[in-house]
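# Reading the structure
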Amino acid sequence: MNVNGRHYRTIWTEGSGEEETLLIIDQTALPHEFRVVALHSVDDVCRAVREMLVRGAGLIGATAAWGVWIAVRTAPEGDFAAFMAQSMEKLRATRPTASNLVWALERQKKALAGLGRKEAVEAAHAEAQTIADEDAEFCRRIGEHGLGIIRELAARKGGQPVNILTHCNAGWLAFVDHGSALSPVYAAFNAGIPVHVWVDETRPRNQGASLTAWELGMHGVPHDLIADNAGGHLMQHGMVDMVITGADRVTRRGDAANKIGTYLKALAAHDNNVPFYVALPSSTFDFSLYDGVSGIPIEERNADEVRIMSGLSEKGQVERVLICPADTPARNWAFDVTPARLITGLVTERGVCEASERGILSLYPEQA
Ligand code: MRU
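Since we're looking at a predicted model, the values are computed, not measured. Residues take numbers from 1 onward in each chain, read along the sequence in its written order. In view of the model being predicted, local features appear only for residues whose pLDDT reaches at least 70, and side-chain atom pairs are presented and counted only at 80 or more, with totals across whole chains, interfaces and linings using the full set of residues. The side-chain figures draw on all heavy atoms in the structure; neither hydrogens nor water molecules are used.

### Side note on the site of the ligand
Applied cut-off: A molecule or strand has a residue near it when one of that residue's heavy atoms lies within 4 Å. Between N or O atoms, a polar contact is any pair within 3.5 Å; within protein, one atom must be a potential hydrogen donor and the other a potential acceptor, and residues adjacent in sequence are included only when both atoms are from side chains. All accessible-area figures derive from a Shrake-Rupley calculation using a 1.4 Å probe, and residue coverage is judged against the displayed protein chains alone. Note on residue classes: Ala, Val, Leu, Ile, Met, Phe, Trp, Tyr, Cys and Pro are nonpolar, Asp, Glu, Lys and Arg are charged, and everything else, Gly too, is polar. Segmentation into domains, and thus their bounds, comes from an automatic or database assignment.
As a structural note, the neighbourhood of the ligand is formed by 17 residues, with Arg 55, Arg 95, Asp 248, Asn 258 and Lys 259 the closest of them. Take Arg 95: an N or O atom from its side chain is 2.8 Å from an oxygen atom of the ligand. Residue Asn 169 places a main-chain N or O atom 3.0 Å away from an oxygen atom belonging to the ligand. With the chains in place, 100% of the 400 Å² that the ligand exposes on its own is no longer accessible. Looking at side-chain class alone, the shell around the ligand contains 8 nonpolar, 5 polar and 4 charged residues. Built from parts of two domains, the shell around the ligand gets at least three residues from each of domain 1 (2-134) and domain 2 (143-367).

### Description of the pairing of strand E17 (residues 345-348)
How we decide: The rule is simple: take the accessible area with a 1.4 Å probe, protein chains only, and divide by the maximum for that residue type; under 20% is buried, over 50% is exposed, in between is partly exposed. Numbered from the N terminus, helices here are DSSP runs of H or I no shorter than four residues, and strands are runs of E no shorter than two. At least two bridges found by DSSP between two strands are what make those strands a pair.
The alternating pattern of E17 places Gly 345 and Val 347 and Leu 346 and Thr 348 on opposite faces, both of which are buried. Of the strand pairs in this sheet, E17 and strand E18 (residues 351-353) are connected by 3 bridges, and their pairing is antiparallel. Its bridge partner being in E18, Leu 346 is matched across the sheet by Cys 353. Counted along the chain from E17 to the antiparallel partner E18, the turn is 2 residues long.

### Describing the sheet that holds strand E7 (residues 195-200)
The test is simple: Axis lines are fitted to C-alpha atoms, over the contacting stretch for helices. Their N-to-C directions set the angle, which ranges from 0 to 180 degrees. Here, two residues are considered to be in contact whenever any of their heavy atoms come within 4.5 Å of each other.
Pairing is mixed in the open sheet, where 7 strands are placed in the order E8-E7-E6-E9-E12-E17-E18. With one partner strand each, in any of the chains shown, strand E8 (223-226) and E18 form the two edges of the open sheet. Taking the axes of each pair of neighbouring strands and ignoring which way they run, one obtains an average angle of 25° across the sheet. Together, strand E6 (162-166), E7 and strand E9 (242-245) form the strand contacts of helix H6 (residues 182-190), whose direction differs from that of E7 by roughly 155°.

### What about the environment of His 223?
The topology assignment puts His 223 in strand E8. Judged by its relative accessible area of 26%, His 223 is partly exposed. For the pair His 223 and Tyr 290, spaced 67 residues apart in sequence, the C-alpha to C-alpha distance is 36 Å. At 2.8 Å, the side chain of His 223 forms a polar contact with the backbone oxygen of Val 221.

### Regarding the pairing of E8
Stated formally: By convention, orient the strands away from the viewer: a clockwise path from the first strand over the helix to the second makes the crossover right-handed.
Of the strand pairs in this sheet, E7 and E8 are connected by 4 bridges, and their pairing is parallel. Residue Val 197 lies in a different strand from E8, and its bridge partner there is His 223. The parallel pair E7 and E8, bridged by helix H7 (residues 207-219), forms a crossover whose chirality is right-handed.

### Overview of helix H3 (residues 80-92)
Filter applied, for reference: Multiplying 1.5 Å by the helix residue count minus one yields the expected span of that helix.
Its 13 residues give H3 an end-to-end C-alpha distance of 18 Å, which sits within 8% of 18 Å, the value for a rise of 1.5 Å per residue. Where H3 is buried, its residues contact helix H1 (42-50), helix H2 (57-74), helix H4 (99-112) and helix H5 (117-157).

### As for the packing of H3 against H4
Spelled out, the test is: In these notes the angle categories are as follows: under 35 degrees is roughly parallel, over 145 is roughly antiparallel, 65 to 115 is roughly perpendicular, and the rest is oblique. Left-handed describes a crossing whose near helix is turned anticlockwise from the far helix by less than a right angle; the clockwise case is right-handed.
Packing of H3 against H4 leaves a shortest axis separation of 10 Å and a crossing angle of 165°. Our classification of the angle between H3 and H4 gives roughly antiparallel. Regarding H3 and H4, the two cross each other, and that crossing is right-handed. On the side of H3, the interface is formed by Met 84, Met 88, Leu 91 and Arg 92, while H4 contributes Leu 101, Val 102, Leu 105, Gln 108, Lys 109 and Leu 112. When grouped by side-chain class, the residues that make up the contact of H3 with H4 number 7 nonpolar, 1 polar and 2 charged.

### Remarks on the packing of aromatic side chains
Note the threshold: Geometry of aromatic contacts follows a simple scheme: Phe, Tyr and Trp rings, the Trp one being its six-membered ring, pair when their centres are within 6.5 Å, and the pair is stacked under 30 degrees between planes, edge-to-face over 60, tilted otherwise.
For the coordinates displayed, the defined rule picks out 8 aromatic pairs. Where Phe 287 meets Tyr 364, the ring centres are 6.2 Å apart and the plane angle is 55°; that geometry is what we call tilted. A residue pair is termed long-range when its members are at least 10 positions apart, and Phe 287 in the loop between strand E13 (285-286) and helix H10 (292-295) and Tyr 364 in the segment after helix H12 (357-363) qualify at 77 residues. The burial state of Phe 287 is the same as that of Tyr 364; both residues are buried. Taken together through their ring pairs, the aromatic side chains of Tyr 8, Trp 12, Phe 34, Trp 172 and Trp 214 make up a single cluster.

### Things to note about the sheet that holds strand E16 (residues 335-338)
With respect to topology, 4 strands assemble into an open sheet ordered E13-E10-E11-E16, the strand pairing being mixed. Each edge of the open sheet carries a strand with a single partner, namely E13 and E16. As paired elements, strand E10 (residues 249-251) and strand E11 (residues 256-259) share 2 bridges and run antiparallel to each other. The residue bridging Val 250 from the neighbouring strand is Ala 256, located in E11.

### Side note on the pattern of salt bridges
Note the threshold: A pair is scored as a salt bridge if a Lys or Arg side-chain nitrogen falls within 4 Å of a carboxyl oxygen belonging to Asp or Glu.
Enumeration according to the criterion identifies 27 salt bridges in this entry. The shortest N-O distance in the salt bridge between Arg 35 and Glu 33 comes to 3.1 Å. Classification of Arg 35 as partly exposed rests on a relative accessible area of 34%. For Glu 33, a relative accessible area of 39% gives the class partly exposed. The partner of Glu 305 in a salt bridge is Arg 301, with the nearest N and O atoms 2.9 Å apart.

Below, the structure is given as structure tokens:
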């Protein structure tokens with residue numbers, strides 16, 4: 001996607017041979033600063049994922065894949081296998097909820113099986129590049145499939161904007177390019193369909209306010225930032241035509257883990273007959289799980305993310321402020337699970353399907 005007129009992906013390499021460097025956009029600096037950061041070691045990569053310089057299911061997967069390439073090229077001569085096993089484990093342990101992380105590591109493991117260090121450098125690079133390219137292409141296709149849904153809603157609105165509510169950030173910043181939930185929005189906007197997005201701020205880390213609002217603004221898509229709890233009210237008053245979110249892990253029957261608060265939006269949508277879609281590439285499915293509420297591991301992050309907010313002060317500096325009494329304990333679950341029964345449809349790179357095992361297998365019969 002474009003940033004001030006220049007096309008960027010969220011992760012890429014520059015240079016060649018020994019000089020080739022892995023680069024990312026530091027998402028903790030957005031929206032106040034656009035900062036590109038180089039990652040040189042496996043520890044750099046792990047820190048970038050854990051501290052959310054990179055975040056979002058697809059981008060976490062792509063970063064892990066590039067992390068394996070960095071592991072291979074920085075592995076000590078004599079101790080290749082042990083170093084690789086340890087690096088894979090470090091990468092795997094960074095964040096627990098998004099399926100894409102383990103999925104990408106498994107792909108790299110297969111690509112490198114039986115290879116020595118020298119051949120592995122090239123193979124790991126090729127696989128990481130393929131994973132990144134596939135992520136971008138699958139998200140582009142999600143946009144095409146989701147566009148049909150928005151087009152239909154637009155036809156019923158006779159020229160009035162289609163009001164779309166989204167939670168967190170499942171735009172291009174959460175993937176390598178295009179995004180999942182926002183990809184259909186960009187496709188509709190590019191096709192000249194009038195759209196307007198309600199952007200949930202998405203406490204505690206405010207990915208909606210800092211990332212989704214920034215992305216949509218860069219692309220010129222009309223939007224309004226709303227408090228997390230406003231969605232139900234807007235739905236009751238006919239101000240939301242559809243909800244679309246991303247997902248971090250979706251089970252084989254269609255239960256979807258996504259940013260904390262998504263479940264409440266789905267309940268409100270259900271109560272108000274507002275269609276609720278979840279967009280995801282196939283790398284986000286976990287076909288080994290059925291019941292998402294009991295089966296999907298939910299990351300619990302540092303309580304200070306709830307207690308402390310950061311933002312631009314009147315002095316023009318990014319500052320952190322405590323929003324509760326200094327000794328208030330807090331808890332910080334990062335995701336929740338929306339049961340399939342509350343989801344109108346899943347928008348994937350292969351098309352739109354019902355959120356059910358039958359629906360999902362109709363698009364992915366190889367998983368039957
Ligand atoms: O904690 P994050 O920012 O990595 O969470 C991921 C998300 O941004 C959302 O849950 C998103 O909707 C799914 S990722 C495409």
